[in-house]
Each structure stands twice: as C-alpha cells, then as structure tokens.
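Residue-level structure breakdown
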Amino acid sequence: MQQSNRLQSQPHAGSLQPRVPRHLRTAAAVAAALQGLIDASPPQRESQTLHAQLLTSGLGSGADLSVNVKLLVLHLRCSSLHNARAVFDGMPRPTHAAHNYLAAGYFRRGHLREALGVVRRLAASTGRLDVFTLSMALKLSAALVLPGAVVAREVHARVVRTVAEPDEILSAALVDAYVKSGSLGYARRAHAVMPVRSVVCSTALLVGCMNEGMFKDAEAIFESMEEKDVVAYNAMVEGYSQTEETAEGSLEVYKAMQRAGFRPTLSTFVSVLGACSLLSSPELGEQVHCQAIKSSLFGDIKTGSALVDMYAKCGRVEDGRRVFDHMTERNVVTWTSMIDGYGKNGHSDEALQVFGEMRRRLDVRPNHATFLSVLSACAHAGLLSQGQEAFQSMESEYLLRPRMEHYACMVDLLGRFGSVRQAYEFVRGIPARPNSDVWAALLGAATLHGDVEVADVAAREVFELSRAGRPGAYMAFSNTLAAAGKWDGVHDVREMMKRRGVMKDAAFSWIGSDNPLLDD
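Model, not experiment: these values are computed from the prediction. (Residues numbered from 1 in each chain as written. Predicted model: local features only at pLDDT ≥ 70, side-chain atom pairs only at ≥ 80, totals over all residues. Heavy atoms only, no water.)

Turning to the overall build of the protein, a few remarks are in order. Across its full length, the protein carries 29 helices and zero strands. Across the 520 residues in the protein, those meeting the buried criterion constitute 50%. Considering only contacts within the protein whose residues lie at least 6 apart along the sequence, 62% involve residues at least 24 apart. Only carbon and sulfur atoms are counted for the fraction: they give 51% of the accessible area of the protein, which is about 26,100 Å². (Helix = DSSP H or I, 4+ residues; strand = E, 2+ residues; numbered from the N terminus. Buried < 20%, exposed > 50% of the residue type's maximum accessible area, 1.4 Å probe, protein only. Contact = heavy atoms within 4.5 Å. Areas by Shrake-Rupley, 256 points an atom, 1.4 Å probe, with all protein chains shown as cover.)

The structure is reproduced here in structure tokens:
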C-alpha cells in the first residue's frame, strides 16, 4: 500500500504544507505528545492531522518505531482501523507490540479474520508468540468456530514448545477454544494434563460437557473443583435448565449456590425461570419472582422477559401480562414472549392485538421468531386472512426472508382452513427446496381432507427427506390410503416402514414446536 493512499501526506498543488509545531521536532517530544493524546479520555481526534504533520517532517515515515507504535495506538483509540493499518504497513519491521495492538484492535471491532491474519503474520516473521498473542489466537479460534479446531491445535503445540510456566488465562482460553470448536476430547485432554486447574479452566470444560448433554461428566468436574465461584454455579444452573429431564437439577444447584453464600445474578434468574417453564411449575416460578423483586435485578429487561415467558408457558398468561405491562423497557424478546404466550394458550386475538401494538412502535421491530409466533397463533385459531397478511408483511414491510418454519406454518394454515390445493400451490412457489417440515404439514392437511393425490406427493417427499424419521408421516399416509380403500398402497407403506426400521409412533405432530425467542 502506497503512503499517498494511506494518508494525504502530499497536499494538492497550491495548498499549504502541514506545518510541524516547533515543540514536535524530536522523536522524544512527538512520543510524549502522542502519549498525552492516547491517555486523554475520550481520546483526542487530532491523530490524522498529527500523522500528516509527522509524515511531512519525516518522523512518521516508519523510521522511529516508538513514535509509530504510539501513533498506531492513537488511531485505534480513535476507532480508525484504516489509519492504524496504514501506520502498521508503513513500518519497515513492525514490532511484536505493534502486531499485538493491531490484532487486538481488529478483535475488539469484530474483524476476526483480519486479526487472525495479523497473528499469523507475526508467527511467520518472528517464529515466536508471547502469552498475550497466544491467548488472542485462542479467542479468535473460539469466536470463529473454525472446523477441526485447527487454530486451537496449532496454538496448543506452540504452548507446549515455548511456554515454560503454566498460565491460568492461557490454559482457560485453550480449553474454551477446543470446547467452542466442538473438540471436547481435546479439551478434556488439555484439562487433564494441567498441573493446576483453575476455576476458570474447569468451568470452561464444564460448559462444554453440559452443551454435549454429558451431565454426569459435568457433575464430576463441578464436584472436583476445590474452589467454586458464581460463574461455575451459573454454568451448572444453565446447563440443567436446557431439558425437562434435568430441569430439577437447575433448581437444586440454585439453592446450593445460595447456601454457599453466592447471590443469584441475572444469568441465574433467567436460567432458573427457564427451568420452571420446562417443569410447568408456576409456584416455583413465583418464588423466584419474589427473590428477583428483592434483588436489584428485577427491573432488568432480561429478568422481565424471562418472567413473561415463564408465566405464559405455565399457562398463567394473565400473570405474564401483568409483568409485561409493568416493565419500563421491553425488547423484541419480551414482545415475542407475550405474543407466543397468548397464542399457545388459545388467545389468538390477544396475540394479534399485542403484535399490532408492537408494529406501531418505533423502538422495536418484529424478528423471525416474532412472526413464527404470530403465524402459529393464526394457525391455532384458523385466522387465515390475518396469517396471510402477517406472512406477506415479513418481506414487504420488514425485509425478513421467510424461513422454512414460516412456510410450514403457512402450509398448515392454508391446508386446514383454506384448501389443500391452495396449500400445494403455495409449496410449489417456495423459492428454495421445501424441507420435510413443509411437506409433513401438507401431508397433514391432505390427510385431514382425504386428498389422496396430494398426500401421495407430500408423503414421497417426506420419505425421501427423512427416511427413518417422522413415523407419524408414514402412519398418516397409510391411514389416508386406507380411508380411500387403497389397501395395496397401505401394504406397500407398511412394508417400507419395516425395511427402513421405522417404528409406529402413537402420537405425532406435523410441525416442530420449537420457537426460539433469541434471533440473530
């Protein structure tokens, strides 16, 4: 990159050269002036002007490394990544510190691959990385979720070769990087050979085990920890709160952490309320609600949203509405929880009323999860025209491209309350290839109305896309054929089930009920 492209050091004809103040004629004076600007809070934005002056004087051409490193830092403090990179590229031999500063600047602003490129350049040029750089590389590996834990393994090898003394932060970052890369086996081996296992490092492995459903392993790690902090307790509370089978464990750890003298945090309340939802236990939820009121966290938007969601999922939608109405601040999760709660409890008109109020506000916009809740509410109550209007507004008004779960909801709505043929034409108009949820919804509608022809088309698609899954789809198609007296077809379907090892399921649903409220 040419110097003239980096900063306007060469003025246009007829303009004045940027003059260097008399007191900035030496490198030491410049370094001191730069440090003063860096230390200012907020940082002063004279960095570009000063850089141009230094280029004119020759002090900013890369010759004095200390000046250029401070100039790079000042540009980063002023959020000017472009100019910081220009300074870096203008240095004949960028120092170790310059690499670290630039990599950290890229990382803080979300430019992860650029940060990794700087780290790789340092490794290639010097062959050695300090603990800060190695930790940065591991954070990048975790954030990028690179397949095969390539970066984590590369850094691990360097740690073994070059780091003499074990470092707590580096060890925790290594385990965390392996966990987030999906390499739990490597994480366990790295944790096992550590001479001293810090609470941070053990918690990182504990989270990995919880994420993989390895609850016994997580429990063993937790029990083996000589010291526990609130983060470790929260990891257990959150991990147990993910499934109905383990939700009671979340409440037990919640009580244990308080007996150990740790006060619940925001994360604790959100996780425990989620466990109460899974257990359909509004009584326990009320107790947590009371504890939240006594804490300073009751007014937090996340606590309020979790309470709305908990009461709605426990069938106490009016209690959820009272929490909703008393919240001073609401986000898209809060609104979606209220809409979803009304819809799932059979109050579709109220769900649409809340959705309409949400659409009139300027401080919040519906997301994919919101529309899924709205469409589900319409499907439950047979509100065909309202569902169609909401679906069409996704792209026309909010620039949200429908996902397959939205298409499946619309197929279910059209097929049950419009016509099967209308639903079929809708499926044929989907821009991407429909998944098994969409075809299963169409099969359900065709079965309901006895449309053998459409059922045959939908069933074949479901069987191709989900060969051993969805036993209900096989049974639905078999029943549709039986109702039409097509016994040879019934025999063929049952034989196919035997060949594919599909077990008859007594109960099934056409559309997955998952409705994540946190949306990207």
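Here we come to the packing of aromatic side chains. On inspection of all chains with the given rule, the structure shows ten aromatic pairs. Note on Tyr178 and Tyr186: the rings are 5.3 Å apart at their centroids and 20° apart in plane angle, and the pair reads as stacked. With relative accessibility at 1%, the residue Tyr178 sits in the buried group. With relative accessibility at 31%, the residue Tyr186 sits in the partly exposed group. (Phe/Tyr/Trp six-rings, centres within 6.5 Å; stacked < 30°, edge-to-face > 60°.)

Take the nonpolar core next. Soluble globular proteins: nonpolar side chains tend toward being buried together. With 141 residues, the main nonpolar core has Leu138, Val175, Leu206, Val438 and Leu442 as its most contacted residues. Sequence-distant contacts of Leu442, that is, excluding residues within four places in its chain, are made with Val411, Val420, Ala423, Tyr424, Val427, Val454 and Ala458. (Core = buried A, V, L, I, M, F, W, Y, C linked by side-chain atoms within 4.5 Å.)

This part takes up the packing of helix 9 (residues 150–162) against helix 10 (residues 168–180). Relative to each other, helix 9 and helix 10 sit at 150°, their axes nearing to 10 Å. Judged by the inter-axis angle, helix 9 sits roughly antiparallel to helix 10. You can see that helix 9 and helix 10 cross each other, and the crossing is left-handed. Between helix 9 and helix 10, the contacting residues are Ala152, Arg153, His156 and Val159 on the first element and Leu170, Leu174, Ala177 and Tyr178 on the second. Here the residues of the contact of helix 9 with helix 10 sort into six nonpolar, one polar and one charged. (Axes fitted to C-alpha atoms, helices over the stretch in contact; angles between N-to-C directions. Parallel < 35°, antiparallel > 145°, perpendicular 65-115°, else oblique. Left-handed = near helix turned anticlockwise from the far one by under 90°. Nonpolar A, V, L, I, M, F, W, Y, C, P; charged D, E, K, R; others polar.)

The α-helix winds at 3.6 residues per turn, so residues separated by three or four positions along the chain end up facing the same way. Within helix 14 (residues 230–240), eight of the eleven residues are buried, leaving the element largely enclosed by the surrounding structure. Listing the buried residues of helix 14 in full gives Ala232, Tyr233, Asn234, Ala235, Met236, Val237, Gly239 and Tyr240. The inward-facing, buried residues of helix 14 abut helix 12 (199–211), helix 13 (215–224), helix 15 (247–259) and helix 16 (266–278).

With that settled, the discussion passes to the pattern of salt bridges. Following the criterion strictly, the structure yields 21 salt bridges and no others. Where Asp217 meets Arg188, a salt bridge forms, and the shortest distance between an N and an O atom there is 2.9 Å. Taken as a pair, Asp217 in helix 13 and Arg188 in helix 11 (residues 184–192) lie far apart in primary sequence, 29 residues in all. For Arg188, a relative accessible area of 34% puts it in the partly exposed group. When salt bridges with common partners are traced through the structure, they connect Glu286, Arg316, Asp319 and Arg322 into a single cluster. (Salt bridge = Lys/Arg side-chain N within 4 Å of Asp/Glu carboxyl O.)

As a further point, take the confidence of the model for the protein. Model confidence for the protein is summarised by a mean pLDDT of 82, while 77% of its residues fall at 70 or above. Long-range and interchain partners of residues 1–20, a stretch whose pLDDT sits below 50, account for 26 contacts in this model, where long-range means more than four residues apart. Throughout residues 506–520 the model reports pLDDT below 50, and contacts reaching past four residues in sequence, or to other chains, amount to 35 contacts. (pLDDT = per-residue confidence, 0-100.)

Those residues of helix 25 (residues 420–428) that sit buried are Val420, Ala423, Tyr424 and Val427. With its buried residues spanning 100° around the axis, helix 25 presents them on a single face. Buried residues belonging to helix 25 abut helix 24 (404–417), helix 26 (436–449) and helix 27 (452–465). (Arc of directions from axis to C-beta.)

Below, the discussion takes up the packing of helix 11 against helix 12. Where helix 11 meets helix 12, the closest approach of the two axes is 10 Å, and the angle between their N-to-C directions is 155°. It follows from the interaxial angle that helix 11 and helix 12 lie roughly antiparallel. The way helix 11 lies across helix 12 gives a crossing that is left-handed. Counting all contacts with helix 11, which are made through Leu184, Ala187, Arg188 and His191, the residues of helix 12 involved are Cys201, Ser202, Leu205, Gly208 and Cys209.

Under the counting rule described, the total for this entry stands at zero disulfides. Distance from the sulfur of Cys409, which forms no disulfide, to the nearest cysteine sulfur (Cys378) is 9.2 Å. (Disulfide = S-S within 2.5 Å.)

Now for unusual backbone geometry. At Ser280, a position not held by glycine, the phi torsion is positive, near 50°. Positive phi is not limited to glycine here, since Leu399 has a value of about 55°. Its place among the elements puts Leu399 in the loop between helix 23 (384–398) and helix 24. Accessibility expressed as a relative area gives 74% for Leu399, which makes it exposed.

Sites flagged by UniProt as "repeat: PPR" (unreviewed entry) map to residues 229–264, 300–330 and 331–361. Spanning residues 300–330, this segment combines 74% helix with 0% strand, and its end C-alpha atoms are found 10 Å apart. For the annotated span residues 331–361, helix accounts for 84% and strand for 0% of the residues, and the straight-line distance between the end C-alpha atoms is 11 Å. (UniProt positions renumbered as here; feature names shortened; annotations may be inferred.)

Bringing the environment of Gly249 into the picture now. Tracing the backbone through its elements, the reader meets Gly249 in helix 15. Note on Gly249: relative accessible area 19%, which makes it buried. Taking C-alpha positions, Gly249 is 7.4 Å from Val237, a pair spaced twelve residues apart along the chain.

A few words now on the environment of Val150. Along the chain, Val150 falls in helix 9. Residue classification places Val150 among the partly exposed positions, given a relative accessible area of 48%. The spatial distance from the C-alpha of Val150 to the C-alpha of Ser181 is 8.8 Å, given a sequence separation of 31 residues.

A few words now on the side chain of Arg158. Here Arg158 shows up in helix 9. For the buried Arg158, which has no salt bridge, the nearest side chain bearing the opposite charge is Glu154, at an N-O separation of 4.6 Å. Once you skip the residues sitting within four places of it in the chain, Arg158 turns out to touch Ala123, Gly127, Arg128, Leu129, Leu134 and Val163. (Lys, Arg positive; Asp, Glu negative; His and termini not counted.)

Before going further, it helps to examine the environment of Gln353. Structurally, Gln353 can be placed in helix 21 (residues 348–360). The exposure class assigned to Gln353 is partly exposed, which follows from its relative accessible area of 39%. A sequence separation of eleven residues divides Gln353 from Tyr342, and the C-alpha atoms of the two residues are 10.0 Å apart.

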